[in-house]
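Residue-level structural notes
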Amino acid sequence: MLSIFFVGIALSMDAFSIALSIGTLNLPKTKLLLLPVITGIMHFIMPMLGVLLGNQLLNIININPKLIVAIIFLYLAVVMYFDKKHENIPKITSFLSIFLFAFSVSIDSFSVGLGLKGLTDKYILSFLTFTVCSFSFTYIGLILGKYSVKVLKEKSTYLGILILIVLALANICQIFLN
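Structure report, in brief. (Residues numbered from 1 in each chain as written. Predicted model: local features only at pLDDT ≥ 70, side-chain atom pairs only at ≥ 80, totals over all residues. Heavy atoms only, no water.)

1. Some points on the overall build of the protein
On a plain count of helices and strands, the protein comes out with 6 helices and 0 strands. In the protein, the order of α-helices and β-strands from amino to carboxyl end is α-α-α-α-α-α. Counting over 178 residues, the protein shows a buried share of 42%. Taking the contacts inside the protein whose residues are at least 6 apart along the sequence as the reference set, 90% of them involve residues at least 24 apart. Summing over all exposed atoms, the protein offers an accessible surface of approximately 9600 Å²; the carbon and sulfur share of this is 72%. (Helix = DSSP H or I, 4+ residues; strand = E, 2+ residues; numbered from the N terminus. Buried < 20%, exposed > 50% of the residue type's maximum accessible area, 1.4 Å probe, protein only. Contact = heavy atoms within 4.5 Å. Areas by Shrake-Rupley, 256 points an atom, 1.4 Å probe, with all protein chains shown as cover.)

Set out below in structure tokens:
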């Protein structure tokens with residue numbers, strides 16, 4: 001189970017880094033809890049779908065999941081930029097944006113679900129471990145992002161945008177390197 005815990009931490013790192021950037025938006029407390037909860041739920045559902053659907057789905061859909069993630073990250077970066085520029089309430093707080101965030105950071109757990117049988121046969125315990133890790137790291141990222149605003153002031157949102165763009169480009173580079 002120690003290896004499952006480390007997989008859970010690894011799956012949570014992208015959620016942490018993006019939550020760090022989203023935390024700069026000074027979200028209300030309800031959104032600070034909703035985002036990690038939805039992310040945790042998605043980190044339960046996605047590996048479960050990976051286990052249940054297996055390679056059948058990958059044969060039907062011929063698209064690299066990293067491309068989907070890159071597109072979602074770029075979308076979030078653009079939304080953050082225009083919302084900051086116009087000083088509107090950030091659209092990242094809409095349920096659709098929260099769902100897209102949770103989906104994009106949990107899509108890699110789908111592929112983990114595909115190969116989970118090679119690590120353990122305790123699927124539910126594994127899914128719960130992924131859920132707790134992703135919830136925790138997302139929440140910590142949001143809180144750290146929120147406090148970075150106090151230090152960096154208005155530049156903190158641009159730091160968040162930069163993080164999203166770098167993550168999107170990293171996903172695109174991984175597509176071409178594989």
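2. Quick word on the side chain of Ser126
Relative to the assigned elements, Ser126 resides in helix H5 (residues 123-152). On the basis of relative accessible area, Ser126 is assigned to the buried category, the value being 0%. Every residue in contact with Ser126, bar those within four places of it in the chain, is listed here: Met1, Ile4, Leu116 and Thr120.

3. Observations regarding helix H1 (residues 2-22)
Over its 21 residues, H1 runs 30 Å from end to end, which matches the ideal 30 Å to within 8%, given 1.5 Å per residue. Among the residues of H1, Ile4, Val7, Gly8, Leu11, Ser12, Asp14, Ala15, Ser17, Ile18, Ala19, Ser21 and Ile22 are the ones counted as buried. (Expected span 1.5 Å × (residues − 1).)

4. Describing the nonpolar core
Membership of the largest hydrophobic core comes to 18 residues, with the highest contact counts inside it found for Ile22, Leu27, Leu35, Phe101 and Leu142. Looking at this core, the elements with two or more residues in it are H1, helix H2 (29-60) and helix H4 (95-115). The element contributing the most residues to this core is H4, with 6 residues. Residues Val7, Leu11, Leu116 and Phe130 belong to the second largest nonpolar core, which totals 7 residues. (Core = buried A, V, L, I, M, F, W, Y, C linked by side-chain atoms within 4.5 Å.)

5. Some words on the packing of H1 against H4
For the pair H1 and H4, the least separation of the axes is 10 Å and the interaxial angle reads 165 degrees. Taken together, the axis directions place H1 and H4 in an arrangement best described as roughly antiparallel. Both H1 and H4 take part in a crossing whose hand is right-handed. Packed against H1, whose contacting residues are Val7, Leu11, Asp14, Ala15, Ile18, Ala19 and Ile22, the element H4 presents Phe101, Ser104, Val105, Asp108, Ser109 and Val112 at the interface. (Axes fitted to C-alpha atoms, helices over the stretch in contact; angles between N-to-C directions. Parallel < 35°, antiparallel > 145°, perpendicular 65-115°, else oblique. Left-handed = near helix turned anticlockwise from the far one by under 90°.)

6. Observations regarding H4
Between its terminal C-alpha atoms H4 stretches 31 Å, which fits the 30 Å expected from 21 residues at 1.5 Å a residue. Maximal helix bending in H4 amounts to about 35 degrees, located at Ser106. (Bend = angle between axes of the 7 residues up to and from the residue.)

These values are about where atoms sit, not about what they do.
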